[in-house]
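Coordinate analysis (summary)
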Amino acid sequence: MDKELLKRLLEIPGWDPTKANSVEFSGGDDPILPTSFRIGATASASLAAVGLAVSDLWEMRTGRRQEVAVDARRATASLRSSRYLKLDGAPAAGERPSVMGVYPAKNGRWSYLHCNFPNHREAALSVLGVEEDREAVRRAVAQWDAQELEEAIIAAKGAGGMVRSMDEWAQHPQSAAVASLPLMEIDRIGDSPPEPLPDGDRPLSGVRVLDLTRVLAGPTCARTLAEHGADVMKIAAEHLPSNRSQEYDTGHGKLSTFLDLRDVDKLDTLRGLVREADVFSQGYRPGTLAQRGLSPEELAQIRPGIVCVSLSAFGRVGPWSDRRGFDTVVQTVSGITHRQGELFPGAEPGPQFYPVSAIDYLTGYLMAFGTMIALGRRVREGGSWLVRISLAQVGKWLVDQGQVPEDQLRDVASDFSQDEIDRWSTTTEIPGGRLNHLAPVLQLSEAQPYWARPTVPLGYHDPAWPARAA
């Protein structure tokens, strides 16, 4: 199935689907972890697509293609890579806030409160009118109609959703809007002459990437570009909340600087970085950066030939196009948690999340694939490019692959062996100690991926690009 999935991904850039035959897949089939959703196949296909795009860029540099190999078990482990982080020998994965989770609402319905960031937690608590106490939240949610609570939390600038079945989601206007879009769009948005890849000895050497994304999907895209040699600069701001374990997980290979875009001078600094960049990746809600003169079209005027990558939660069309969302929110509203709860009940009844952050990481891998496709087009035909994708589009793609039959879901191991995790891991010296983490999954025959820079605290570097190779 991995190879057939990959062939369909290769339709996005219009590549010959027989390219998929050059990829070596191993590691078995789904189910790999306790879920009916085909997380192993989609992870393997997404990473294989990245590998073929890397090979394409490598051929532009050297005239040689690379052999690509992906292990499905290792690819699946990467969909929850933060679980396997250790700092100085101790687990480094963060814990969720106590009030984050799924609660019973009126009439047998369920509501999910996303409270990972303080501002979203405060929004939910303000709507419910309670303090940060799980039992108080449970009692308050029980008094609400789930759909009304969903809308109230969104209106309060929070995040969450009503648990829907897949059939219910299929009838929702936003589901129809998502279905009207392809998995990913790659469009030319401006003219500029063809540009060769910068000099260097790695597939993405000298390619400069501005990473204005948060949480997992967007940062995973930039981390993936860094593992193939790109110079990635993470742009954060001191006033924005962050999750330390997520930064440990997605910060490999990156520079990191603070720029508060509410400050005119800092905005000018960012524009200066854009002028010397190749890729601008952002995950703000649609239209947000346009208010600061940083729409894709404006970026293409500042830096002709730029590749803009735009991530949203629910897609660029439909009634929810400007709504906040996360992997867990998309799972909730689209029927994934409803189905997971049916097949793999938890300690308490009700919906369940699948055992990985599949939508987030798959989106990140596909964003990196689209970015490299656009960079290749810039080499061949020139132009500025816009890559667009959303968590909801990727969630639909995951669900569209069908589910593992129920009779094959018995006695599925809940984790990988320690020997596997040890073999797939590496250790990096970072400013905070020794970080043990998963190494890149892809296996390439010539330019094996690795991160040349360690994870650093947010804001660690000055906002200046390192010199390119002479």
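So, here's what we can say about the structure. Nothing here was measured: the structure is a model prediction, and the numbers come from that model. (Residues numbered from 1 in each chain as written. Predicted model: local features only at pLDDT ≥ 70, side-chain atom pairs only at ≥ 80, totals over all residues. Heavy atoms only, no water.)

A separate point is the packing of helix 13 (residues 327–334) against helix 15 (residues 358–381). If you want to describe how two helices pack, look at the angle between their axes and the distance between the axes. One way to put it is that helix 13 packs onto helix 15 with a least axis distance of 7 Å and a crossing angle of 115°. Residues Asp-327, Val-330 and Gln-331 of helix 13 touch helix 15, and the partners they reach there are Ala-358, Ile-359 and Asp-360. Residues that form the contact of helix 13 with helix 15 fall into these classes: three nonpolar, one polar and two charged. (Axes fitted to C-alpha atoms, helices over the stretch in contact; angles between N-to-C directions. Helix = DSSP H or I, 4+ residues; strand = E, 2+ residues; numbered from the N terminus. Contact = heavy atoms within 4.5 Å. Nonpolar A, V, L, I, M, F, W, Y, C, P; charged D, E, K, R; others polar.)

Close contact between helix 15 and helix 16 (residues 391–400) brings their axes to 9 Å; oriented N to C, the two are set at 105°. Between helix 15 and helix 16, the angle falls in the class roughly perpendicular. Counting all contacts with helix 15, which are made through Ala-358, Ile-359, Asp-360, Leu-362, Thr-363 and Leu-366, the residues of helix 16 involved are Leu-391, Val-394, Gly-395, Trp-397 and Leu-398. Residue classes in the contact of helix 15 with helix 16 are distributed as eight nonpolar, two polar and one charged. (Parallel < 35°, antiparallel > 145°, perpendicular 65-115°, else oblique.)

This next bit is on the pairing of strand 6 (residues 110–113). Where strand 5 (residues 101–104) meets strand 6, four bridges bridge the pair, whose relative direction is antiparallel. Bridge assignment links Gly-101 to a residue of strand 6, and that residue is Leu-113. What sits between the antiparallel neighbours strand 5 and strand 6 is a turn of five residues, in which Asn-107 has the positive phi angle 60°. The pairing of strand 6 with strand 7 (residues 160–162) spans three bridges and is classified as antiparallel. Bridge assignment links Tyr-112 to a residue of strand 7, and that residue is Gly-161. (Pairing = 2+ DSSP bridges.)

This paragraph deals with the side chain of Arg-303. Within the secondary structure layout, Arg-303 lies in the loop between helix 12 (296–302) and strand 13 (307–312). Arg-303 sits in the buried class, given a relative accessible area of 10%. When near neighbours in sequence (up to four residues on either side) are disregarded, Arg-303 contacts Glu-195, Val-274, Arg-275, Ala-277, Asp-278, Arg-378 and Ser-384. (Buried < 20%, exposed > 50% of the residue type's maximum accessible area, 1.4 Å probe, protein only.)

The subject of this paragraph is the sheet that holds strand 7. Neighbouring strands of a sheet are bound in pairs by backbone hydrogen bonds; such pairs are parallel or else antiparallel. One open sheet holds the three strands; their spatial order is 5-6-7, and the pairing between them is antiparallel. Each of the sheet's edge strands pairs with one partner strand only, and the pair in question is strand 5 and strand 7. Put simply, the sheet's adjacent strands are angled 20° from each other on average, direction ignored. On top of the sheet, helix 13 reaches strand 6 and strand 7; it is set at about 10° to strand 7, its chief contact.

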